[in-house]
Number of protein chains: 2
Amino acid sequence: MQKQYTLSRNQKIIFDLIDKSRGPMKAYSILFNVQKKGIKAPLQVYRALDKLVEIGKIHKIESRNAFIACQNSSCQISKATAFSICESCEDVSEISNTKLSKYLSNFADSSGMKYSKYNLEFFGLCKKCKSK
Amino acid sequence: MQKQYTLSRNQKIIFDLIDKSRGPMKAYSILFNVQKKGIKAPLQVYRALDKLVEIGKIHKIESRNAFIACQNSSCQISKATAFSICESCEDVSEISNTKLSKYLSNFADSSGMKYSKYNLEFFGLCKKCKSK
DNA sequence: CATGTAAATGTTATATTATTACATAGTGTT
DNA sequence: AACACTATGTAATAATATAACATTTACATG
């Protein structure tokens, strides 16, 4: 169960935009889209994004510098994320596979590292693009 | 076995620098370090980096926008990468764990996606930083 | 060895992504 | 009211990455 959190004005505007978007959104594309609502500066966007990532409402797709709404209601607050990314159409979807997340959460290598978080990005061709 | 590839002048200069570095290096830090060797512009660095990534001599740490030499002689040419990243000292090491790479290479989710590549980044505290 | 072609290089300018620094305002305690 | 904490506003700038164009090098093959 995800902890409830009251979003502030800017956080809500930006989350709603990302949530409604069909795919991941980039920071400056978000900025252009919310300027009519009074959010004028990059920093205002980045601050909201940081907070939204922190509380797990959105995730950052690191390889794309883009942000996507969390599609997984039982998400462990961004501590364990996995995505599949189509290299042709750039469609991104969040993978919620219990076996995978258990496997990775329990993964321990020989380095003596204690992991608190992971991010996994798969790349390939989505169904649509594959059949083209 | 990794395919042999003759590096060009710039590629060699930049690879050697990254290979000798203790940790991941950022593009502009690379640039500053090779200016005395005649590589003056960002694009020259990025072109070499792109090629080196493509042939698997280095990897990009996406969450850090930094580059590290491949530490795994049997590396599948950057198609399957995993790293552990210390969030305190920013030390990064490449994970070469056969079970993990097999597990991920064989992973198939319900989306019908065909994966050709993945990148996994684990975050936590390394041994040293944990004991501080 | 000339010629074609792919890869690499050099250079300038510019686009994109992200943060620093500083001032102000709102929100919820106690 | 006083306090702490979070969020906001604004300007400037830093850091990361690519576009566009001209030239050169490497090397296979006719």
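As the structure is a prediction and not an experimental result, all values here were calculated from the model. The numbering scheme is per chain: residues are counted from 1 as the chain's sequence reads. Each chain gets a letter, beginning with A, and each ligand a number, beginning with 1, in the order they are written. In view of the model being predicted, local features appear only for residues whose pLDDT reaches at least 70, and side-chain atom pairs are presented and counted only at 80 or more, with totals across whole chains, interfaces and linings using the full set of residues. Neither water nor hydrogens contribute to the side-chain values; these are computed over all heavy atoms in the structure.

**Details of the protein's contact with DNA strand C**
Here comes step 1: A:Lys26, A:Lys60, B:Tyr5, B:Gln44 and B:Arg47 are the nearest of the 17 residues found near DNA strand C.
Here comes step 2: Backbone atoms, meaning sugar and phosphate, form 46% of the atoms of DNA strand C found within 4 Å of the protein.
Here comes step 3: What qualifies as a polar contact is a pair of N or O atoms within 3.5 Å, subject to a donor-acceptor requirement within protein and to the restriction that residues adjacent in sequence count only when both atoms come from side chains. The side chain of A:Asn65 places a nitrogen or oxygen atom 3.5 Å from a phosphate oxygen of DNA strand C.
Here comes step 4: The separation between a phosphate oxygen of DNA strand C and a polar side-chain atom of B:Gln11 is 3.4 Å.
Here comes step 5: Secondary structure follows DSSP: runs of H or I at least 4 residues long count as helices, runs of E at least 2 residues long count as strands, and numbering of each begins at the N terminus. Going through the elements one at a time, α3 (42–54) of chain A together with α1 (9–20) and α3 (42–54) of chain B are the ones with two or more residues in the surface near DNA strand C.
Here comes step 6: Residues are grouped as follows: Ala, Val, Leu, Ile, Met, Phe, Trp, Tyr, Cys and Pro are nonpolar; Asp, Glu, Lys and Arg are charged; all remaining types, including Gly, are polar. Split into classes, the residues belonging to the surface near DNA strand C amount to six nonpolar, five polar and six charged. Any residue with a heavy atom positioned within 4 Å of a molecule or strand is treated as near that molecule or strand.

**Digging into the side chain of B:Glu62**
Here comes step 1: Among the secondary structure elements, B:Glu62 is positioned in the loop between β2 (58–61) and β3 (66–69).
Here comes step 2: Relative accessibility under 20% of the residue-type maximum defines a buried residue, over 50% an exposed one, and the middle range a partly exposed one, all with a 1.4 Å probe and only protein chains included. Positive charges are assigned to Lys and Arg, negative charges to Asp and Glu, while His and the chain termini are left out of the count. When a carboxyl oxygen of Asp or Glu lies within 4 Å of a side-chain nitrogen of Lys or Arg, that pair is called a salt bridge. It turns out B:Glu62 is buried and unbridged, and the closest side chain with the opposite charge, B:Lys60, is 4.0 Å from it.
Here comes step 3: By definition in these notes, contact holds between two residues if any of their heavy atoms fall within 4.5 Å. Those residues within four positions of B:Glu62 in sequence are excluded, and the remaining contacts are A:Glu62, A:Ser63, B:Asn119 and B:Glu121.

**Here we look at the packing of aromatic side chains**
Here comes step 1: For Phe, Tyr and Trp, rings pair up if their centres lie within 6.5 Å, where Trp contributes its six-membered ring, and each pair is then called stacked (planes under 30 degrees apart), edge-to-face (over 60) or tilted (otherwise). Summed over the entire model, instances satisfying the criterion amount to nine aromatic pairs over all chains.
Here comes step 2: Relative to B:Phe122, the ring of A:Tyr118 lies with its centre 6.0 Å away and its plane at 65°, an arrangement referred to as edge-to-face. Taken as a pair, A:Tyr118 in strand β6 (residues 114–125) and B:Phe122 in strand β6 (residues 114–125) lie in two separate chains rather than in one. This pair shows no difference in class: A:Tyr118 is buried, exactly as B:Phe122 is.
Here comes step 3: Seen from their ring centres, A:Phe122 and B:Tyr115 are 4.4 Å apart, and the 25° between their planes marks the pair as stacked. Pair noted here: A:Phe122 is in strand β6 and B:Tyr115 is in strand β6, and the two residues belong to different chains. As far as burial versus exposure is concerned, A:Phe122 and B:Tyr115 are alike and both buried.
Here comes step 4: Through pairs of rings, three or more aromatic residues link up here, namely A:Phe107, A:Tyr115, A:Tyr118 and B:Phe122.

**Overview of the packing of helix α4 (residues 98–105) of chain A against helix α4 (residues 98–105) of chain B**
Here comes step 1: Interaxial angle, 0 to 180 degrees, is taken between N-to-C directions of lines fitted to C-alpha atoms, where a helix line uses only the stretch in contact. The interhelical angle for the contact between α4(A) and α4(B), taken along N-to-C directions, is 165°, at an axis separation of 12 Å. It follows from the interaxial angle that α4(A) and α4(B) lie roughly antiparallel. Judged by the twist between their axes, the crossing of α4(A) over α4(B) is left-handed. Touching A:Lys99, A:Leu100, A:Tyr103 and A:Leu104 of α4(A) are B:Lys99, B:Leu100, B:Tyr103 and B:Leu104, all from α4(B).
Here comes step 2: Classifying every residue of the contact of α4(A) with α4(B) gives six nonpolar, no polar and two charged. The cut-offs work like this: below 35 degrees is roughly parallel, past 145 is roughly antiparallel, 65 to 115 is roughly perpendicular, and the gaps in between are oblique. Put simply, a crossing is left-handed when the front helix is turned counterclockwise from the back one by less than a right angle, and right-handed when it is turned clockwise.

**Considerations on the domain arrangement of chain A**
Put simply, an interface is often sized by how much accessible area is lost when its parts join up.
Residues and elements named next belong to chain A.
Here comes step 1: Residue ranges for the domains trace back to a domain assignment, done automatically or taken from a database. Taken domain by domain, chain A comprises domain 1 (9–69) and domain 2 (80–130).
Here comes step 2: Its C-alpha centre places domain 1 at a distance of 22 Å from the equivalent point of domain 2.
Here comes step 3: Residue-level contacts link nine residues of domain 1 with 10 residues of domain 2.
Here comes step 4: Of all residues in domain 1, the largest losses of buried area upon contact with domain 2 belong to His59, Ile61 and Arg64, amounting jointly to 56% of the total for that side.
Here comes step 5: Applying the counting criterion to the domain 1 and domain 2 interface returns one salt bridge.
Here comes step 6: With a closest N to O distance of 2.6 Å, Glu90 and Arg64 form a salt bridge.
Here comes step 7: Counting the contacts that link domain 1 with domain 2 gives four residue pairs in polar contact (both at pLDDT 80 or more).
Here comes step 8: Of all the elements in the fold, those that place two or more residues in the side of domain 1 that touches domain 2 are β2 (58–61) and β3 (66–69).
Here comes step 9: Among the elements that line the side of domain 1 that touches domain 2, the one with the most residues is β2, at three residues.
Here comes step 10: The class makeup of the residues in the side of domain 1 that touches domain 2 is four nonpolar, two polar and three charged. Put simply, buried area is the surface a 1.4 Å probe can reach on two separate parts but cannot reach once they are joined, added for both.

**Focus: the sheet that holds strand β1 (residues 25–26) of chain B**
Residues and elements named next belong to chain B.
Here comes step 1: For two strands to pair, DSSP has to find at least two bridges joining them. As summarised here, the arrangement of the three strands in space is β1-β3-β2, forming an open sheet in which the pairing is antiparallel. Of all strands in the sheet, those with a lone pairing partner are β1 and β2, marking the two edges.
Here comes step 2: Examined bridge by bridge, β2 and β3 share four bridges and lie antiparallel to one another. Across the sheet, the residue bridging to Ile58 is Ala69, located in β3.
Here comes step 3: Across the sheet, α1 lies against β1, β2 and β3, angled at about 85° from β3, the strand it touches most.
Here comes step 4: Packing of α3 onto the sheet brings it into contact with β2 and β3, and relative to β2 it is tilted by some 110°.

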